[in-house]
Amino acid sequence: MSASASSKISVRGLRKSFGSNEVLKGLDVEIAEGEVVCVIGPSGSGKSTFLRCLNKLDDITAGTVVVDGFDLTDKTVNLNEVRQHIGMVFQHFNLFPHMSVLQNIMLAPVELKRGSKADARATALTLLDRVGLSDKADARPAQLSGGQKQRVAIARSLAVNPDIMLFDEATSALDPEMVGEVLQVIRDLAAEGMTMVVVTHEMGFAREVADRVIFMADGLVVEEGTPAELFGNPQHQRTQDFLSKVL
Amino acid sequence: MALAGGFVGVTAAAASSPSTEVSGETYIIGTDTTFAPFEYREDGELTGIDMDLVRDIAASQGFTVEIQSLGFDAALQALQSNQVDGVIAGMSITDERELIFDFSDPYFDSGVQMAVAEANTEITAYADLAGETVVAKRGSEGETFANSIKDEYGFTVKALADSATMYDDVKAGNSVAVFDDYPVLAYGINQNNGLKSVTEKEQGSSYGFAVNKGQNPELLAAFNAGLAELEASGAYQDILDTYLDAPAASSDTSFFGLLSDSAPALMKGLGLTLLATALSILIALVLGVLFGFFTVSESRILRGIATTYVSIFRGTPLLVQAFFFYFGLPQLTGQPIDVLAAGVLTLSLNAGAYMTEIVRGGIQSVDAGQTEAGRSLGLGYVTTMRRVVLPQAVKIMTPSFINQFVMTLKDTSLLAVIGFAELTYQGQQIYAANFRTGETLLIVAAIYFIVINLLTMLSNKLDKRFNK
Ligand SMILES: Nc1ncnc2c1ncn2[C@@H]1O[C@H](COP(=O)(O)OP(=O)(O)OP(=O)(O)O)[C@@H](O)[C@H]1O
Ligand SMILES: [Mg+2]
């Protein structure tokens, strides 16, 4: 727990290779409590891999990652415990198709013995209400639209009461008319002061909710700053090229 | 290898008569499946000259016999591997066999005879066989004799495994004549097997009871003593007359007569088929789940173990595996193995390999994102498997499980070759005695068909019910 006390997430010299292919080439990122950081960059630049190193879904090749005071490279750290502090939302939702919406949300609290089943159910219903899906409690994932699925996935992550939320292109698999409803849920979380790392290609959204934007390319952080700085006055050629294509 | 071994050897020296040595002992005697009139089944019971002889001798000498009807080759292999204590199977005493077995006094003088189809008027002597094919039983006197004259008369000899098949071969016209031991031939002709004998019997060899070389001398002595007693009392001649002079073909010859006569034996066989299937599939399920998890584990060693297991059992024929577990393993370990145990061992290890692949395929077909979602919620590997991956994998695997279940049920029929008395074996026994091969096999096939389809329907119903 060597990272600076104010950092919720502290990444130092993070490297990640798949076989001989080095995908992350030494990242240094500090994220403060309550901060909303958006990560942008071209496809294949390592955004997802970076995010997956923050809850160790991918192994860390070198460097240190300290999250919520837990050093993830320390082999004695209980990853299952750490992950309860970090919610993750995936591009393709990854809802459990054999369970109802309510069961999806209740699974982790019940299995992790967070209070009684009745408590878990009450919490799940509250979360469903919060994402506007109270009427879908008994539906199966297959009966939901993409936007509804993603809102259930967010509720499922929130059910273990995390301090940090990671979003990996949460809206890129959605039809355009459903993007708004999911972004609204993320916006609300930001307003409540949740620490969040959001990988996104929604530049407008990044500009609106981010405290800071990180631009990644080729496994490195090329540039970072406030949305106004990064979008208004990008310093690097690569950032400018990228933004000129997506904006 | 007497079952109640112990201090037999110690008492042997003191014993004055061989009968005291064997009295109270139980000996396992191997025999052929299909060598009427020496051994065959009637209403499911083993009967015939050999059976009556060995049982009467056992009774007169005060020991007990447990007969195992294995088939001729299998019985000899079982004797060599000490799976059985003795073999009585209408076996000729030959110099070759005397090298590896000890024989009793001869109990029957046989001789080879030639027979042709009833309607055949062209073949009446060996000289008429020029350019033709004849059939004989593999490894038998008939084969030896046919081979000894084939060059002189210019015919070809084909070897088959049992009498009923040989007779069918001649009736079907694939061979013009059969060379078989005269008592067997005489019995078959009396049972209306569609053949007739056209030559005199050749001077032949004598049949003897055999034990493994140097093993069970007291059993051999008791057999000789008992045989002498039966010959002296006239009981021996009575037995021969029963089978050779007056073989009564009294049973119902209609299809439904065959059906009702064979039903008890076939149902017993079906019971054993289902028992072997159920035991094998249960063990295979455990093996499949265990090794299936090995194949998806992160440990290279566990993956290696599972891969080796699967490739061995998928890469060798089931029949070879069955022979290995029943005949080979006892020779290697010195421990005899029960035929049901050997059969279940074979089928469960074999099906387990396929189950392993089914389990691996099922687990791997569940999207990796499911595991990631579970793990990212803080659930452990086991919980994620149990609550997230397996419920989805089982649903995918169920049709393959049902398929494997049916395959294993059908594979039990292969165990007939090691003498496991399941459905196919019972069918073979029946047509070996009544020579109604086609009808009997139709009945056997129909039983398999009905049972398999009923079980498949039931399984699919359960699948629908639980895997919605
Ligand atoms: N499991 C893996 N095995 C091997 N290579 C991988 C694996 N996952 C990612 N990579 C490689 O790492 C690189 C970075 O991938 P990553 O998914 O992190 O990029 P990204 O920035 O998220 O791209 P996108 O915007 O397309 O999602 C790519 O070249 C990819 O091929
Ligand atoms: Mg990505």
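Each remark here, short or long, concerns the structure printed above.
None of the values given here were measured: they were computed from a predicted structure.

Reading guide: rules and limits
Residues numbered from 1 in each chain as written. Chains lettered and ligands numbered in written order. Predicted model: local features only at pLDDT ≥ 70, side-chain atom pairs only at ≥ 80, totals over all residues. Heavy atoms only, no water. Core = buried A, V, L, I, M, F, W, Y, C linked by side-chain atoms within 4.5 Å. Buried < 20%, exposed > 50% of the residue type's maximum accessible area, 1.4 Å probe, protein only. Helix = DSSP H or I, 4+ residues; strand = E, 2+ residues; numbered from the N terminus. Contact = heavy atoms within 4.5 Å. Axes fitted to C-alpha atoms, helices over the stretch in contact; angles between N-to-C directions. Parallel < 35°, antiparallel > 145°, perpendicular 65-115°, else oblique. Left-handed = near helix turned anticlockwise from the far one by under 90°. Nonpolar A, V, L, I, M, F, W, Y, C, P; charged D, E, K, R; others polar. Pairing = 2+ DSSP bridges. Expected span 1.5 Å × (residues − 1). Polar contact = N/O pair within 3.5 Å; in protein donor to acceptor, adjacent residues only side chain to side chain. Patch = residues over 30% accessible without salt bridge, like charges linked within 9 Å, V, L, I, M, F, W, Y side chains within 5 Å. Areas by Shrake-Rupley, 256 points an atom, 1.4 Å probe, with all protein chains shown as cover. Salt bridge = Lys/Arg side-chain N within 4 Å of Asp/Glu carboxyl O.

### Here we look at the nonpolar core
With 52 residues, the main nonpolar core has Ile40, Ile105, Ile154, Phe167, Ile186 and Met196 of chain A as its most contacted residues. Per element, the largest residue contribution to this core is eight residues, and it comes from helix α6 (residues 176-191) of chain A. Discounting chain neighbours no more than four positions away, the residues touching Ile154 of chain A are Val89, Met165, Phe167, Val182, Val185, Ile186 and Leu189 of chain A. Ranked by size, the runner-up nonpolar core spans 49 residues in total, among them Tyr40, Tyr107, Phe108 and Val184 of chain B.

### A short note on the packing of helix α13 (residues 318-333) of chain B against helix α14 (residues 339-365) of chain B
The description of two helices packed together rests on the angle between their axes and the distance between the axes. Residues and elements named next belong to chain B. Direction vectors running N to C along α13 and α14 enclose 140 degrees, while the axes themselves pass 9 Å from each other. Here α13 is positioned oblique relative to α14, judged by the angle of their axes. Here α13 runs over α14; the crossing is right-handed. Between α13 and α14, the residues in contact are Leu318, Gln321, Ala322, Phe325, Tyr326 and Leu329 and Val339, Ala342, Leu345, Thr346, Leu347, Leu349 and Asn350, respectively. When grouped by side-chain class, the residues that make up the contact of α13 with α14 number ten nonpolar, three polar and no charged.

### Topic: the sheet that holds strand β7 (residues 164-168) of chain A
Residue and element names in this part refer to chain A. On the basis of which strands lie adjacent, the open sheet formed by six strands has the order β6-β7-β8-β3-β9-β10 and mixed pairing. Looking at which strands have only one partner, the edges of the open sheet turn out to be β6 (86-89) and β10 (220-225). Strand-to-strand twist of the sheet, defined as the mean angle between neighbouring strand axes without regard to direction, takes the value 20 degrees. As paired strands, β7 and strand β8 (residues 195-199) are joined by five bridges and run parallel to one another. Following the sheet pairing, Leu166 is matched in β8 by Val197.

### Remarks on α14 of chain B
Look at α14 of chain B: 39 Å from first C-alpha to last across 27 residues, which is about the 39 Å you get at 1.5 Å a residue. Two to three positions downstream of the cap, the backbone nitrogen of Leu340 of chain B sits 3.1 Å from a side-chain oxygen, assigning the N-cap of α14 of chain B to Asp338 of chain B.

### What to know about a nonpolar patch on the surface
All names here are of chain B. On the surface, Leu282, Ile283, Leu285 and Val289 cluster together to form a nonpolar patch covering roughly 320 Å² of accessible area. Relative to the assigned elements, Leu285 resides in helix α11 (residues 255-295). Relative accessible area serves as the criterion here: at 35%, Leu285 is assigned to the partly exposed category.

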